[in-house]
Amino acid sequence: MEYRNLYVGPEFYGELLQGCVYERDLQLGQQIHSKILKKGDFFAKNEYIETKLVIFYAKCDAFDVSNHLFRRLRKQNVFSWAAIIGLSCRMNLSEEALWRFVEMLENGVLGDNFVLPNVLKACGALNFVDFGKCVHGHVCKFGFEDCVFVASSLIDMYGKCGVLTDARKVFDCMGERNVVAWNSIIVSYMQNGYNEEAIGVLYDMRTEGIEPTRVTLSSLLSASANLCALEEGKQAHAISILSGLDLDKILGSSLINFYAKVGLVDDAELIFDRLIERDVVTWNLLMSCYVQSGRIDKALSLSCLMRLKGFRFDSVTLSSILSASADLRNLKLGKEGHCFCIRHNFDKDVVVASGIINMYAKCEKIPDARRVFDYTKEKDVILWNTLLAAYAEVGLSGESLRLFYQMQLYGLPQNTISWNSVILGFLRNGQINEAIDMFSQMKAVGLDPNIVTYTTLISGLSRNDYSSEALTYFKKLLQAGYRPNSASIVASLSASINIASLHHGRAIHGYILRQKISLSLPVATSLVDMYAKCGNLNYAKCIFNLIPEKELPLYNAMISGYALHGCAVEALALFKRLCKGGVEPDSITFTSVLSSCCHAGLVKEGLAVLYDMVSLYNMKPSLEHYGCIISLLSRCGDLYEAMQLIQKMPFKPDANVFESLLVACRELGETQLEEHIANFLIIMEPDNSGHYVSLSNAYATTGRWDEVSKLRDLMKKKGLRKRPGCSWIQVGTEFHMFVSGDRWHSHIQEISTILALLDREMQLTRLSFDS
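What counts and what doesn't
- Residues numbered from 1 in each chain as written.
- Predicted model: local features only at pLDDT ≥ 70, side-chain atom pairs only at ≥ 80, totals over all residues.
- Heavy atoms only, no water.
- Helix = DSSP H or I, 4+ residues; strand = E, 2+ residues; numbered from the N terminus.
- Buried < 20%, exposed > 50% of the residue type's maximum accessible area, 1.4 Å probe, protein only.
- Contact = heavy atoms within 4.5 Å.
- Areas by Shrake-Rupley, 256 points an atom, 1.4 Å probe, with all protein chains shown as cover.
- Expected span 1.5 Å × (residues − 1).
- Arc of directions from axis to C-beta.
- Phe/Tyr/Trp six-rings, centres within 6.5 Å; stacked < 30°, edge-to-face > 60°.
- Lys NZ or Arg CZ within 6 Å of the ring centre and 35° of its normal.
- Patch = residues over 30% accessible without salt bridge, like charges linked within 9 Å, V, L, I, M, F, W, Y side chains within 5 Å.
- Salt bridge = Lys/Arg side-chain N within 4 Å of Asp/Glu carboxyl O.
- Axes fitted to C-alpha atoms, helices over the stretch in contact; angles between N-to-C directions.
- Parallel < 35°, antiparallel > 145°, perpendicular 65-115°, else oblique.
- Left-handed = near helix turned anticlockwise from the far one by under 90°.
- Nonpolar A, V, L, I, M, F, W, Y, C, P; charged D, E, K, R; others polar.
- UniProt positions renumbered as here; feature names shortened; annotations may be inferred.
- Disulfide = S-S within 2.5 Å.

**As for the overall build of the protein**
Reasoning step 1: The helix and strand inventory of the protein stands at 44 helices and two strands.
Reasoning step 2: Burial analysis of the protein (771 residues in total) assigns 46% to the buried set.
Reasoning step 3: A sequence separation of at least 24 residues applies to 58% of the contacts in the protein between residues at least 6 apart.
Reasoning step 4: For the protein, the exposed area adds up to about 40800 Å²; of that, 54% sits on carbon and sulfur atoms.

Written as structure tokens, this is what we have:
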């Protein structure tokens, strides 16, 4: 047109700049800008051209140039404001975007359907729900609520701020909904942990005939992964295939993540192999999948392949490799990963530094973990918490508490994870009162304990024999409105076992049934163990039979229950069933089976099990296994064979082995051997009063009363006393403990009277039978 001397007005240059906006062609746009300047002020100072230049540079993310031109505008209209606010949002300058919106309103320019979505996006990014509600008022006042893009942005803002009721209200009030609006409400539900609701909305969307996009299906896959909902995730995969959606990086990554979370590693591999294009994210996802499923060798092989394909490791890749080293307790591999991080300047990255600290902690190299922490200059809360957790795991409660207070000195706010680590450190070190005090302080500073806090406390109390207190905190967990997870349920059932409280165990089982909590393998195993150890073997069998796919821990719990109740035939039958089902038995399995044979006196069967353990399963018997066989031989009167086995076994015998022989000697009247073993036990454990009592009984049996008297004098001189027997019963919710010779119970008079009456009645009954 210029060559033919045709007139080219400002509007032509405006259209050319708009073309550059569509193509995001900064270089060509700069050439057009140069030509406009050469044309003189009539073109350069044209309001339309000035606005177009601001929009062009803003869309090309040229922040400084766009800002400069914007401030030089003689008239800032809604289009230039929309461009500059949108630029601030894209540059993650959300606060600046909101200040510019306020400035725009003060200048008398009202927001439109281009400005408002960006402003709402900034509110969501900053979690400024109050500001967002003010913008919502602006939307309603000026009639933009019918614009589908503004309404979708409102849903997204409320979702990011966690106000899902308002997000849903906006969605329900929309007259017209496109796929963007549906995606906004689905993503909002999913990001706030309402995964089931997100899946439900997707079904509604399909019912209304709206075709899902990649964003929709990615959100559904994420929700399915969070719920471990296999069927729903597979449906999303099927929809993507039926819709003809290519396996790009977004959809492919979501599918790999889903299959990894539900434990279908082979399917995750298939998706990875079929991806059109792979990036570092997809490689990292599959590597993380291998690490989480325990396939560490495959994870390391994949990292080598990733390097061969020309992909550079990022912080996520290195974190996975360090996590693999930690899981394997492979210090050599961990150190190699650490050296790689140093060579490629990753060691200053807080995510990688956390992985290095965790690796050294898992490899029990706490001083090395501390050195890495001290070397890292930019420390965030996650890094502090990683070292806190390292100290806590090994019971260094003093170090964890000192580090906890150092966080305050550095101005870092301790979060729930920080408090949980300190509580765990105290519990690991057996400092129960300090752990409970820390729990109370946590509530006093206004920080609510979460499900992990309660679970940590319940587990720690149960492990430290504070079982009644553990059950009390389980009740408090329920009162706080939390739904217990499998770890808290297992810990509470363990506490019930410790105090042999069938009442509490059944109450927990009742809660599981009422709340329709799924019987996961750990929960089912704990229930079987609880019922068996609390005296109800039939209930244990019922729970065992309810689980369709049984794994080794469940078998072990049931076999142990049979052994405890003297049901050797049933224990052996279940053991054979386990082996035929292709389940590999472990050391615990053989201990339980041998124990059941020992209780029933099944010598032949017990020796056969030991033979299978060595020949079929290539397992070396431990001292505990030998102890079971020695006890079995002893109880059946084969003392000579038992002594021979003690001499031949590859372990130095402990006191438990000889104690089983001692009991058998007493029962069989082998006084001389009993005396010999008792003397030997006294040499092994000189402070164990039980051994002195056994030797005293041996002397008394042979009428050597002088020796008995000397032995009792020796016990007095050493300050040793026979450990009194102890038993307890539960009446209602109250426990009553009785110790042999104890007269301190509050109801001792009534108890003694009843016992005297019962004794008298038994004597009269015996006399009547004799007559």
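**What about helix H29 (residues 467-479)?**
Reasoning step 1: Taking 1.5 Å per residue, 13 residues should reach 18 Å; H29 reaches 19 Å between its end C-alpha atoms and fits that length.
Reasoning step 2: For H29, the complete set of buried residues consists of Ser 467, Ala 470, Leu 471, Tyr 473, Phe 474 and Leu 477. Each buried residue of H29 sits inside an arc of 160 degrees when the element is viewed along its axis, so together they form one side.
Reasoning step 3: Looking at the buried positions of H29, the neighbouring elements they touch are helix H27 (432-444), helix H28 (451-463), helix H30 (486-498) and helix H31 (502-514).
Reasoning step 4: Gly 481 occupies a position one or two residues after H29 and carries a positive phi of about 90 degrees.

**Focus on the packing of aromatic side chains**
Reasoning step 1: Inspection of the entire model under this criterion finds 19 aromatic pairs.
Reasoning step 2: Pairing Phe 404 with Tyr 405 gives two aromatic rings, centres 5.7 Å apart and planes at 70 degrees, and the pair type is edge-to-face.
Reasoning step 3: One aromatic cluster is present, formed by Phe 439, Tyr 454, Tyr 473 and Tyr 482 through successive ring pairs.
Reasoning step 4: In this arrangement the basic side chain of Arg 177 is found over the ring face of Phe 171, its NZ or CZ atom lying 4.3 Å from the centre.

**Quick word on the side chain of Ser 397**
Reasoning step 1: Tracing the sequence through the fold places Ser 397 in helix H25 (residues 397-409).
Reasoning step 2: When residues no more than four places from it in sequence are discounted, the contact partners of Ser 397 are Gly 425, Phe 426, Asn 429 and Gln 431.

**Side note on the environment of Met 104**
Reasoning step 1: Summarising the element assignment, Met 104 is placed in helix H7 (residues 94-106).
Reasoning step 2: In this structure, the C-alpha to C-alpha distance between Met 104 and Ala 82, residues 22 residues apart in sequence, is 9.6 Å.
Reasoning step 3: With residues near it in sequence (within four places) discarded, Met 104 still touches Trp 81, Ile 85, Val 109, Leu 110, Gly 111 and Val 115.

**A short note on a nonpolar patch on the surface**
Reasoning step 1: Nonpolar side chains collect at one region of the surface, where Ile 754, Leu 755, Leu 757, Leu 758 and Met 762 lie side by side and expose about 520 Å² of accessible area between them.
Reasoning step 2: With respect to the helices and strands, Leu 758 occurs in helix H44 (residues 748-770).
Reasoning step 3: According to the relative accessible area criterion, Leu 758 is partly exposed, its value standing at 45%.

**With respect to the pattern of salt bridges**
Reasoning step 1: Under the criterion given, the structure shown has 17 salt bridges.
Reasoning step 2: Across the salt bridge formed by Arg 177 and Glu 208, the nearest N and O atoms sit 3.8 Å from each other. Of this pair, Arg 177 sits in the loop between helix H11 (164-173) and helix H12 (179-191) while Glu 208 sits in the loop between helix H13 (195-207) and helix H14 (214-227), placing them 31 residues apart in sequence.
Reasoning step 3: Lys 332 is the partner of Glu 336 in a salt bridge, and the nearest nitrogen-oxygen pair spans 2.8 Å. Here Lys 332 and Glu 336 lie together in helix H21 (residues 331-343), a separation of four residues that amounts to about one turn.

**Details of unusual backbone geometry**
Reasoning step 1: Phi is positive for Asn 345, close to 60 degrees, though the residue is something other than glycine.
Reasoning step 2: Within the secondary structure, Asn 345 sits in the loop between H21 and helix H22 (350-362).
Reasoning step 3: For Asn 345, a relative accessible area of 58% puts it in the exposed group.
Reasoning step 4: One non-glycine residue, Asn 618, lies in the positive phi region at around 50 degrees.
Reasoning step 5: Counting through the fold element by element, Asn 618 comes out in the loop between helix H37 (603-615) and helix H38 (623-635).
Reasoning step 6: The class for Asn 618 is exposed, based on a relative accessible area of 66%.

**Overview of H14**
Reasoning step 1: Along its 14 residues, H14 runs 20 Å from first to last C-alpha, staying within 8% of the 20 Å computed at 1.5 Å per residue.
Reasoning step 2: Where H14 is concerned, the buried positions are Thr 216, Leu 217, Ser 218, Ser 219, Leu 220, Leu 221, Ala 223, Ser 224 and Ala 225.
Reasoning step 3: Taken together, the buried residues of H14 touch H12, H13, helix H15 (230-242) and helix H16 (249-261).
Reasoning step 4: Directly beyond the C-terminal end of H14, a positive phi value near 55 degrees is found at Cys 228.

**What to know about the packing of helix H18 (residues 280-292) against helix H19 (residues 296-308)**
Reasoning step 1: Closest axis-to-axis distance for the H18/H19 pair is 7 Å, and the angle between their directions is 160 degrees. When the interaxial angle is binned, H18 and H19 end up roughly antiparallel. Between H18 and H19 lies a crossing of left-handed hand. Where H18 approaches H19, its residues Val 280, Trp 283, Asn 284, Leu 286, Met 287, Tyr 290 and Val 291 are matched on the opposing element by Ile 296, Lys 298, Ala 299, Leu 302, Ser 303, Leu 305 and Met 306.
Reasoning step 2: Of the residues contributing to the contact of H18 with H19, the split by class is eleven nonpolar, two polar and one charged.

**Focus on the UniProt feature "repeat: PPR" (unreviewed entry) in the protein**
Reasoning step 1: Here, UniProt's "repeat: PPR" (unreviewed entry) annotation points to residues 178-212, 279-313, 380-414, 415-449, 450-484, 551-585, 586-621 and 688-722.
Reasoning step 2: When the span residues 551-585 is considered, its composition is 74% helix and 0% strand, and the gap between its end C-alpha atoms is 10 Å.
Reasoning step 3: Along residues 586-621 one finds 75% helix and 0% strand; the C-alpha atoms at either end are 11 Å apart.

**Topic: the packing of helix H1 (residues 10-23) against helix H4 (residues 47-59)**
Reasoning step 1: Where H1 meets H4, the closest approach of the two axes is 9 Å, and the angle between their N-to-C directions is 10 degrees. Regarding the angle of H1 to H4, the classification is roughly parallel. For the pair H1 and H4, contact is made by Pro 10, Glu 11, Tyr 13, Gly 14, Glu 15, Leu 17, Gln 18, Cys 20 and Val 21 and by Tyr 48, Ile 49, Lys 52, Leu 53, Phe 56 and Lys 59, respectively.
Reasoning step 2: For the contact of H1 with H4, the class distribution of residues is nine nonpolar, two polar and four charged.

**Brief notes about the environment of Arg 307**
Reasoning step 1: Summarising the element assignment, Arg 307 is placed in helix H19.
Reasoning step 2: Under the relative-accessibility criterion, Arg 307 is labelled partly exposed at 40%.
Reasoning step 3: With near-sequence residues (within four places) excluded, Arg 307 lies in contact with Phe 313 and Phe 340.

**A short note on the environment of Ser 400**
Reasoning step 1: Residue placement: Ser 400 occurs in helix H25.
Reasoning step 2: What Ser 400 contacts, discounting residues up to four positions off in sequence, is Leu 388, Tyr 391 and Val 422.

**Section: the side chain of Ser 467**
Reasoning step 1: In this structure, Ser 467 sits in helix H29.
Reasoning step 2: Apart from the residues lying within four places of it in its own chain, the contact partners of Ser 467 are Leu 461, Ser 462, Ala 495, Asn 498 and Ile 499.

**Quick notes on the state of the cysteines**
Reasoning step 1: Within the structure shown, the criterion is met by zero disulfides.
Reasoning step 2: Between Cys 20, a free cysteine, and Cys 60, which holds the nearest cysteine sulfur, the sulfur-to-sulfur gap is 7.5 Å.

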